[in-house]
Amino acid sequence: MFALSGQRVLITGAAQGLGAGLARVFAGQGAELVLMDFDAEGLASVNAQIGGLAHLINVDLADADATQSAIEALPGPVDTLIHNAAILRPEPLEQVSLATFKATIDVGIQAGFQLSQAVWPAMIANGGALIFVSSQSGIKGFVDETAYCAAKHALEGFSKCLAMEGEAHGIVSCTITPGRAMRTPMSERNYPPELKAQWIEPERLAPAFVHIATSRDLALSGQRLNAWELSQEYPL
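Computed from a predicted model, the values in this text were never measured in an experiment.

**Let's talk about the sheet that holds strand β1 (residues 8-12)**
With parallel pairing, the seven strands of this open sheet are ordered in space as β3-β2-β1-β4-β5-β6-β7. Each edge of the open sheet carries a strand with a single partner, namely β3 (55-58) and β7 (224-226). With strand direction ignored, the average angle separating the axes of adjacent strands in the sheet is 20°. Note: strand β5 (residues 128-133) against strand β6 (residues 171-177), six bridges, orientation parallel. When the bridges of β6 are listed, G128 appears paired with I171. Here helix α4 (residues 98-126) sits on the sheet and contacts β1, β2 (32-37), β4 (80-83), β5 and β6; the angle it forms with β4, its principal contact strand, is near 175°.

In structure tokens:
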């Protein structure tokens, strides 16, 4: 097992929702956090909740140059990358602008590629974990989600490749889906009433992420994991 105390954990999309919930739990477990988000005010709020201990990077991950600048601002090697940032704007195909489609793809897979490539050399030397937040949209199609589904499908394939390349170096790469409806600003906007009646707070899914980061179990690598089920199996 690899204790979180002393691990540097990078979480994208950390200003709200699942990313913020993960930040609170990982901070409580002693991890050194690097939090990225477009929302500087939201990042500051989350950081205040965890004692102001995180390294904050305000960045638009849809912008490759800005993402590269964010990478250059990292305080050091990263042990666990959690790529949670995403854009979901439900629209029928004929209404989707090229700008919206490109931003959705770029936040999902372009930033995922850039960040993974940046943390890879240190992980080659020391091992590590790459965790890509996916959803049912990563394996199914949904009406009005052409851009979002494309981005999540791309992450599924990308993670499988990294799992194969990283195996010899002790690098775990996996995708993870919530497995339960969770309460986030994205779900506030998009969930029907029946799902809102069942949702849980995102912190209840955090044990799964902690388990991946601390176990670095290669049996998990290349897999598509269920955060709810894994959290029940490995509670904190």
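**Comments concerning the environment of K152**
Looking at the element boundaries, K152 is found in helix α5 (residues 146-166). A residue is classified by how much of its surface remains accessible, and K152, at 5% relative accessible area, is buried. Each C-alpha atom, one on K152 and one on Q136, is 8.7 Å from the other, the two residues being 16 residues apart in sequence. When residues no more than four places from it in sequence are discounted, the contact partners of K152 are A86, V133, S134, S135, S137 and G138.

**Let's talk about unusual backbone geometry**
In the Ramachandran plot, D144 falls in the positive-phi region, its phi being about 70° despite a non-glycine side chain. Assignment of secondary structure puts D144 in the loop between β5 and α5. Phi is positive for R216, close to 45°, though the residue is something other than glycine. With respect to the helices, strands and loops of the structure, R216 is situated in the loop between α8 (206-215) and β7.

**Observations concerning the packing of α4 against α5**
Running from N to C, α4 and α5 point in directions that differ by 15°, and their axes come no closer than 7 Å. By the criterion of interaxial angle, the relationship of α4 to α5 is roughly parallel. The two elements α4 and α5 meet at a crossing, and its hand is right-handed. Touching F101, T104, I105, G108, I109, G112, F113, S116 and W120 of α4 are T146, A147, Y148, A150, A151, A154, L155, F158, L162, E165 and G166, all from α5.

**Describing the nonpolar core**
Residues F26, L33, L35, F209 and I212 are the most contacted members of the largest nonpolar core, which totals 39 residues. When contributions to this core are tallied by element, the ones reaching two or more residues are β1, α1 (17-28), β2, α2 (40-49), β5, β6, α8 and α9 (227-233). Grouped together as the second largest cluster of nonpolar side chains are 29 residues, I57, L74, I87 and I171 included.

**Brief notes about the pattern of salt bridges**
Within the structure shown, the criterion is met by six salt bridges. Notably, a salt bridge pairs D106 with K102, separated by 2.7 Å at the nearest N-O pair. Taken as a pair, D106 and K102 lie in helix α4 at a separation of four residues, close to a single helical turn. A relative accessible area of 46% means that K102 is categorised as partly exposed. As a salt-bridge pair, E156 and K160 come within 3.9 Å of each other at their nearest N and O atoms. Taken together, the residues E156 and K160, both in helix α5 and four residues apart, mark about one turn of the helix. Residue K160 is classed as partly exposed on the basis of its relative accessible area, which comes to 41%.

**Topic: the packing of α1 against α8**
Packing of α1 against α8 leaves a shortest axis separation of 10 Å and a crossing angle of 60°. Taken together, the axes of α1 and α8 lie oblique to each other. Viewed along their axes, α1 and α8 form a crossing whose handedness is right-handed. Of the residues in α8, those in contact with L18, L22, V25 and F26 of α1 are A206, F209, V210 and A213. Within the contact of α1 with α8, the residues separate by chemical class into eight nonpolar, no polar and no charged.

Rules used throughout
- Think of each chain on its own: its residues are numbered from 1, step by step along the sequence as written.
- Restriction of local features to residues with pLDDT of at least 70 applies here, the model being predicted, together with a cutoff of 80 or more for giving and counting side-chain atom pairs; totals for whole chains, interfaces and linings are based on all residues.
- Processing note: side-chain calculations cover all non-hydrogen atoms of the structure and skip hydrogens and water entirely.
- Any two strands with at least two DSSP-identified bridges between them are counted as paired.
- The numbering of helices and of strands both runs from the N terminus, where a helix is a DSSP run of H or I of at least 4 residues and a strand a run of E of at least 2.
- Simply put, an axis is a line fit to the C-alpha atoms, just over the touching stretch for a helix, and the angle between two N-to-C directions goes from 0 to 180 degrees.
- Contacts between residues were defined by any pair of non-hydrogen atoms, one from each residue, lying within 4.5 Å.
- We call a residue buried when its accessible area falls under 20% of the maximum for its residue type, exposed when it is over 50%, and partly exposed in between, using a 1.4 Å probe and counting protein chains only.
- With respect to orientation, any angle under 35 degrees is reported as roughly parallel, any angle over 145 as roughly antiparallel, any angle of 65 to 115 as roughly perpendicular, and every other angle as oblique.
- If you view the pair so one helix is near and one far, a crossing is left-handed when the near helix is turned anticlockwise from the far one by less than a right angle, and right-handed when it is turned clockwise.
- Here, the term nonpolar core denotes a set of buried Ala, Val, Leu, Ile, Met, Phe, Trp, Tyr and Cys residues that are joined through side-chain atoms within 4.5 Å.
- The rule for a salt bridge is simple: a side-chain nitrogen of Lys or Arg has to be within 4 Å of a carboxyl oxygen of Asp or Glu.
- Under the convention adopted here, Pro, Cys and the residues Ala, Val, Leu, Ile, Met, Phe, Trp and Tyr are nonpolar, Asp, Glu, Lys and Arg are charged, and Gly plus all remaining residues are polar.

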